[in-house]
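Listed here are the chains, written in short residue letters.
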Amino acid sequence: MPAENSTFRGVFITGTDTGVGKTMVGAALARFLKNRGLDVGVMKPAETGVENPSELGPDAALLQWAAGSQDSADLISPYRLRQPLAPAMAASKDDVRIDLEHLLKSAGQLAAAHDFLIVEGAGGLMVPLAGGYLMADLAAALGFPVLVVARPSLGTINHTLLTVFAARGMELPLAGVIINNMPAEPDVAEAEAPHAIGSLASADLLGVFPHVQGDPQSQVEQLATHLADSATLPWLCSALALDLP
């Protein structure tokens with residue numbers, strides 16, 4: 001398992017809720033690192049709402065493209081489930097048993113094969129993965145720093161602080177927070193969110209990603225460029241133990 005080998009480097013990306021843009025942030029990070037010469041692995045341990053489970057779902061496919069990964073679909077996304085539900089529930093509907101040891105073994109293979117591994121969870125830390133096992137438990141077993149993706153809109157301060165405090169309470173290594181999808185003309189709540197989260201969350205604010213348009217690959221390219229030019233990039237690299245060329 002990655003947590004047992006300090007030579008393995010990676011990040012576990014979680015969200016304050018579903019639909020906050022974890023995949024876009026993860027793909028942008030993968031693209032940025034690939035552009036800087038790193039061999040990046042990607043993993044979506046369980047993706048739900050996949051129309052054709054014999055192929056990668058849209059989240060895993062975007063991560064694969066962004067990283068330029070040649071790894072097998074079964075390593076990148078071991079569990080691809082039809083129903084758009086929490087993984088534990090979607091697996092039950094598909095009569096599939098999510099094997100936690102299999103997930104950790106797959107992550108270990110990917111981490112050993114690449115310079116850096118990006119693992120994207122499903123939803124937030126408290127999402128049921130299998131039985132009484134939560135997404136946070138997978139993050140703990142992997143041992144990678146946890147990067148929290150938050151939205152900028154009203155309610156995000158509460159959601160972000162709850163997520164950060166839950167991570168702290170479970171003694172997860174916390175990289176920090178990225179706010180995603182900030183409008184070009186934010187309202188008052190959106191404009192105040194970065195300062196409030198940075199002040200109150202007891203976690204570093206590692207970036208504010210703008211709202212971008214275009215197809216998913218174009219959005220990833222735009223965000224990778226934004227990340228490369230970000231003033232907080234050194235903080236992010238430090239949090240993820242990245243010494244970039």
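Report on the accompanying structure. (Residues numbered from 1 in each chain as written. Predicted model: local features only at pLDDT ≥ 70, side-chain atom pairs only at ≥ 80, totals over all residues. Heavy atoms only, no water.)

1. Considering the packing of helix H1 (residues 22–35) against helix H9 (residues 216–228)
- Here H1 crosses H9 at 65°, and the two axes come no closer than 8 Å. In the crossing of H1 with H9, the sense of the turn from one axis to the other is right-handed. Judged by residue contacts, Met24, Ala27, Ala28, Leu29, Arg31 and Phe32 of H1 engage Pro216, Gln219, Val220, Glu221, Leu223, Ala224, Leu227 and Ala228 from H9.
- Tallied by class, residues from the contact of H1 with H9 come to 11 nonpolar, one polar and two charged. (Axes fitted to C-alpha atoms, helices over the stretch in contact; angles between N-to-C directions. Helix = DSSP H or I, 4+ residues; strand = E, 2+ residues; numbered from the N terminus. Left-handed = near helix turned anticlockwise from the far one by under 90°. Contact = heavy atoms within 4.5 Å. Nonpolar A, V, L, I, M, F, W, Y, C, P; charged D, E, K, R; others polar.)

2. Re the sheet that holds strand E5 (residues 116–120)
- Spatial ordering of the open sheet is given by E2-E5-E1-E8-E9-E10, a layout of six strands whose pairing is parallel. Both edges of this open sheet fall to strand E2 (40–43) and strand E10 (205–210), since each of them pairs with a single strand only. Recorded for the sheet is a direction-independent mean angle of 20° between the axes of neighbouring strands.
- Looking at chain direction, strand E9 (residues 174–182) and E10 are connected through four bridges and run parallel. Residue pairing for E10: isoleucine 178 is matched across the bridge by glycine 207.
- In the packing of H1 onto the sheet, the strands contacted are strand E1 (10–15), E2, E5, strand E8 (146–150), E9 and E10, and the crossing angle to E5 comes to about 170°.
- In the packing of helix H6 (residues 135–142) onto the sheet, contacts are made with E1, E5 and E8, and the angle to E1 comes to roughly 165°. (Pairing = 2+ DSSP bridges.)

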